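Chain residues, written in single-letter form:
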Amino acid sequence: MTIVCSRCGMTKDGLEAAPLPGALGARVSHHVCQECWNEWMQTSIRTINHYGLQPAVKEHREKIFELMTEFLKLPAE
Ligand SMILES: [Zn+2]
């Protein structure tokens with residue numbers, strides 16, 4: 001599937017599979033290219049360390065998703 005990436009603005013192939021479960025994963029796979037997703041993967045490691053976030057904690061997960069939405073410029077659904 002070809003998508004217009006919300007982060008880099010280029011028309012590219014989308015992700016082959018949703019990278020996350022649920023509606024958020026669907027949003028990412030409809031709006032973000034593989035390169036930008038890879039960049040987020042690398043950035044998220046730094047971000048998680050920087051804020052001392054624990055993905056196992058619900059509030060922390062929500063913070064990570066919030067930062068991810070910002071980073072990827074995901075449009076509101
Ligand atoms: Zn992109």
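1. Digging into the overall build of the protein
For the protein, the count of helices and strands is three helices and two strands. What you see in the protein, going N to C, is helices and strands ordered as β-β-α-α-α. Over its C-alpha atoms the protein spans a radius of gyration of 12 Å, differing by no more than 12% from the 11 Å that the globule rule assigns to 77 residues. Counting only C-alpha atoms and orienting by the principal axes, one finds that the protein spans roughly 35 × 20 × 20 Å. Within the protein, the fraction of its 77 residues that count as buried is 10%. Across the protein, contacts joining residues at least 24 apart in sequence account for 48% of those joining residues at least 6 apart.

2. Some details on the packing of helix 2 (residues 34-51) against helix 3 (residues 58-72)
It is at 11 Å that the axes of helix 2 and helix 3 come closest, and there the two elements cross at 140 degrees. It follows that helix 2 is oblique to helix 3 by the angle criterion. For helix 2 against helix 3, the interelement crossing comes out right-handed. Seen from helix 2, the contacting residues are Cys36, Trp40, Thr43, Ser44, Thr47 and Ile48; seen from helix 3, they are Ile64, Leu67, Met68, Phe71 and Leu72.

3. Considerations on the nonpolar core
Membership of the largest hydrophobic core is limited to seven residues, which are Cys5, Val28, Val32, Cys33, Cys36, Met68 and Leu72. Not counting residues within four places of it along the chain, the set of residues in contact with leucine 72 comprises Ser6, Arg7, Val28, Val32, Cys36 and Trp40.

4. Section: the confidence of the model for the protein
Taken residue by residue, the protein gives an average pLDDT of 94. The fraction at 70 or more is 99%. Element-level mean pLDDT values for the protein span from 94 in helix 1 (residues 22-31) up to 96 in strand 1 (residues 2-4).

5. With respect to the environment of lysine 63
Along the chain, the position of lysine 63 falls in helix 3. Along the chain, lysine 63 and tyrosine 51 lie 12 residues apart, while their C-alpha atoms are 9.8 Å from each other.

6. Focus on the environment of histidine 31
Considering the arrangement of structural elements, one finds histidine 31 in helix 1. A residue is classified by how many C-beta atoms lie within 10 Å of it, and histidine 31, with 20 of them, is buried. Those residues in contact with histidine 31 that lie beyond four places of it in its chain are Ile3, Cys5, Ser6, Leu74 and Pro75.

7. Observations regarding helix 3
Taking 1.5 Å of rise per residue, the 15 residues of helix 3 would be expected to cover 21 Å, and the 21 Å separating its terminal C-alpha atoms lies within 8% of that figure. One or two steps after helix 3, the chain reaches lysine 73, where phi turns positive at roughly 55 degrees.

8. Side note on the environment of glutamate 39
As for its position among the elements, glutamate 39 is in helix 2. On a C-alpha basis, the gap between glutamate 39 and phenylalanine 71 in space is 9.5 Å, while along the polypeptide they are 32 residues apart.

Conventions and cut-offs
- Here, residues in each chain are numbered from 1, in the same order as that chain's written sequence.
- At least 70 in pLDDT is required for a residue's local features to be given in this predicted model, at least 80 for side-chain atom pairs to be given and counted, and no such filter applies to totals for whole chains, interfaces and linings, which use all residues.
- Helix and strand labels come from DSSP, where a helix needs a run of H or I of at least four residues and a strand needs a run of E of at least two; each type is numbered from the N terminus.
- Values of the radius of gyration come from C-alpha atoms, whereas the globule rule sets the reference at 2.2 Å times the count of residues to the power 0.38.
- Exposure criterion: with C-beta atoms placed from backbone coordinates, a residue whose C-beta has 20 or more other C-beta atoms within 10 Å is buried, one with 12 or fewer is exposed, and one in between is partly exposed.
- Working definition of a contact: two residues with C-beta atoms, positioned from the backbone, lying within 7 Å.
- To define axes, lines are fitted to C-alpha atoms, for helices over the stretch in contact only, and angles between the resulting N-to-C directions are given on a 0 to 180 degree scale.
- In these notes the angle categories are as follows: under 35 degrees is roughly parallel, over 145 is roughly antiparallel, 65 to 115 is roughly perpendicular, and the rest is oblique.
- Left-handed describes a crossing whose near helix is turned anticlockwise from the far helix by less than a right angle; the clockwise case is right-handed.
- A set of buried Ala, Val, Leu, Ile, Met, Phe, Trp, Tyr and Cys residues, joined to one another through C-beta atoms within 7 Å, is what we call a nonpolar core.
- Confidence scores per residue from the predictor, reported as pLDDT, run from 0 to 100.
- A helix is expected to span 1.5 Å for every residue after the first.

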